Amino acid sequence: YAVIYYRGKELSTPVLRKTRFPRWNKTYEIPIKKPIADPSNRTLRISLYDWDKFHHDKFQGEVVVDLAELLLGQRYKTWYRLQQQDGSTRNRKEKELGSLRLKVQCHEERILDSPLYASFVQLMLKAVENPSPKGAPLLVLLEEVMTMDRNSLAHTLVRFYIAHGSIIPLLDCLVSKEVE
């Protein structure tokens, strides 16, 4: 299994048993703090472990990704050589530790400062809390003018409404629109 560390937080992948070549095919979203030039904000560490039912899990190696090297909007599909925790690429037996393939993409979700979004936020919240008899015209309009795929739009909208404590009105609105 792998453990992802960023700014004191940890995310773990599921344990994959009986495989020497694990493949998780998982997506993790990690909000990156700014400024990225700050050393505490720029390092993402991924440690790999061999799960053991009866003993301590065995450390296999780790990858350290310097987030400052990633360009906004670019997708990276890269092999990283595993290192020991001291940063060396060799273990005690001088054998190669292996590699980890990562697909990474950095994107920024905010274009303007937060206060400039206040009117739009209120409009979005009102669209689901007090929907018109014809459904939620704002949501229909967003769907028609969107530049991202439907899954990305849905994911972004759900996160937006969860963050503002209005996920239930959104779901009520969507269900009533679907029933019509």
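Residues numbered from 1 in each chain as written. Predicted model: local features only at pLDDT ≥ 70, side-chain atom pairs only at ≥ 80, totals over all residues. Heavy atoms only, no water.

**Let's talk about the overall build of the chain**
For the chain, the count of helices and strands is four helices and six strands. Ordering the α and β elements of the chain from the N terminus gives β-β-β-β-β-β-α-α-α-α. Buried residues in the chain amount to 26% of all 180 residues. The contacts in the chain between residues at least 6 apart in sequence include a share of 47% that link residues at least 24 apart. Of the accessible surface of the chain, which amounts to about 13,900 Å², a share of 54% is contributed by carbon and sulfur atoms. (Helix = DSSP H or I, 4+ residues; strand = E, 2+ residues; numbered from the N terminus. Buried < 20%, exposed > 50% of the residue type's maximum accessible area, 1.4 Å probe, protein only. Contact = heavy atoms within 4.5 Å. Areas by Shrake-Rupley, 256 points an atom, 1.4 Å probe, with all protein chains shown as cover.)

**Side note on the sheet that holds strand E4 (residues 58-66)**
Strand order across the open sheet formed by four strands is E2-E1-E3-E4, with antiparallel pairing between neighbours. In the strand order of this sheet, the two ends are held by strand E2 (9-12) and E4, each with one partner. Strand-to-strand, the axes of this sheet are offset by a mean angle of 20 degrees, without reference to chain direction. Here four bridges tie strand E1 (residues 2-6) to strand E3 (residues 43-50), and the two strands are oriented antiparallel to one another. When the bridges of E3 are listed, Ile 4 appears paired with Ile 46. (Pairing = 2+ DSSP bridges. Axes fitted to C-alpha atoms, helices over the stretch in contact; angles between N-to-C directions.)

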